[in-house]
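# Descriptive structure summary
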Amino acid sequence: MVTWFDESRLDDETALAGSDLALRALAESGARVRRTSGEAAGATADAVARAQDLSRPRAVIAAGPDSRLLRAVLEPWCPVPFVAWPAPALPGWAGSLDLVVVLAPDGSDPGTASAVAEAVRRGCQLVVACPPTSLVADHAAGRWSTILPTTTRDQLATAVVVLDYLERVSLGPRADAEQVAEALDAVAISCSPHRDLAVNPAKMLAIALADTNPVVWGGSVLAARAARRVAESIRRATGRTALAGDAEHLLPVIEAARQRDVFDDPFADDTGERRPMLLVLDDGAEDAVVREQRGRLLAAAADRRVRVEIVTTEAPTEVARYASLLLSGTYAAEYLRIGFVED
């Protein structure tokens, strides 16, 4: 059985209708952020008011398997020591002087519930974003605990709730929910299935990715996190290799690509080889290290005649830029899924 990519399916109403639920979920990303933030607004305000009576924590611990996103946002900014702890426990030193924050979009993970229960037992300050009737919420009851209620399994929407709280207690950067939602809405409009190939960046990116083994790179900490998530989406959509990593991890893949002759006949000499394609997620970071790494990757791609695609964003905040890049790549992965057919 042969699998091939039929780009005409990306403008075919019947083919698109078959993925209506997935595409609708992507289009509603901004609405989920707004709704989740609004639902938690009262609890967030109460938590901020209580925090005014407490001293600044000695350290912030992001616990649970979803802690990596918080790490990407907070590590460069948090004014106190910060650690992400995805294991089902807490660091041995964590205690009453520390703040534990937890993202639990689903609320049913036993490991996260265990970490929450341990934070309560040790007397830590605890802020948990989770469904109010869930396993995690049941283990969060305590004198120094706050539950920020959510009703979505969307990790980003849940993270925005926690980041909003951390910003308001001066422990995190700006993460305005409306700006994140607007950035997501802008991507949903430009990548809508109702926009045809000629003006749809996600469909064009899917076509570019179809016959390649993508290597995905983001320069900043948050763009790198988005790159890993986009690579995961591409792997799920295609069952093919898609790598994400730091520049030094991706350079050998690009440099090992067979040098192509400009006079090669791609049809007569086709060996079925899928070459790498460099996908750059550019959130506008321009520090010296990012510029140097980007330059090395682009130079290597040019030397080996490897195709380069760049996804950009003009969103105003770091979290909004992350959200924009992630949704753009996820739309492209879904269009990849739609375009592949089997004969």
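Residues numbered from 1 in each chain as written. Predicted model: local features only at pLDDT ≥ 70, side-chain atom pairs only at ≥ 80, totals over all residues. Heavy atoms only, no water.

The subject of this paragraph is unusual backbone geometry. Trans peptide bonds make up the majority, and among non-glycine residues the majority have a negative phi. Positive phi, close to 65°, is recorded for S170, a residue that is not glycine. Position of S170 relative to the elements: it lies in the loop between α7 (155-168) and α8 (177-190). At R305, a position not held by glycine, the phi torsion is positive, near 55°. Relative to the elements of secondary structure, R305 occurs in the loop between α12 (288-303) and β10 (307-312). A residue is classified by how much of its surface remains accessible, and R305, at 46% relative accessible area, is partly exposed. (Helix = DSSP H or I, 4+ residues; strand = E, 2+ residues; numbered from the N terminus. Buried < 20%, exposed > 50% of the residue type's maximum accessible area, 1.4 Å probe, protein only.)

Attention now moves to the sheet that holds strand β3 (residues 82-85). The strands that make up a sheet pair up through hydrogen bonds in the backbone, lying either parallel or antiparallel. With respect to topology, 5 strands assemble into an open sheet ordered β3-β2-β4-β5-β6, the strand pairing being parallel. The sheet is open, and its two borders are formed by β3 and β6 (145-149), each paired with just one other strand. The mean angle between the axes of side-by-side strands here comes to 15°, regardless of whether they run parallel or antiparallel. As defined by bridge partners, strand β4 (residues 99-103) adjoins strand β5 (residues 125-130) across 5 bridges and the pair is classed as parallel. Looking at β5, one finds that L99 is bridged to Q125. (Pairing = 2+ DSSP bridges. Axes fitted to C-alpha atoms, helices over the stretch in contact; angles between N-to-C directions.)

Moving on, we get to the side chain of D283. Here D283 is to be found in the loop between β9 (275-282) and α12. A polar contact of 2.4 Å, which involves the side chain of D283, links it to the side chain of S220. In this structure the side chain of D283 is engaged in a polar contact, spanning 3.2 Å, whose partner is the backbone nitrogen of A285. Setting aside residues no more than four positions away along its own chain, D283 makes contact with S220, A223, T313, R321 and L325. (Polar contact = N/O pair within 3.5 Å; in protein donor to acceptor, adjacent residues only side chain to side chain. Contact = heavy atoms within 4.5 Å.)

A few words on the packing of aromatic side chains. Considering all chains together, one arrives at 2 aromatic pairs under this definition. Measuring from ring centre to ring centre gives 5.3 Å for F5 and F340, while their planes differ by 75°; the resulting arrangement is edge-to-face. Of the two residues, F5 sits in strand β1 (residues 3-5) while F340 sits in strand β11 (residues 340-342), which places them 335 residues apart along the sequence. A residue is classified by how much of its surface remains accessible, and F5, at 15% relative accessible area, is buried. (Phe/Tyr/Trp six-rings, centres within 6.5 Å; stacked < 30°, edge-to-face > 60°.)

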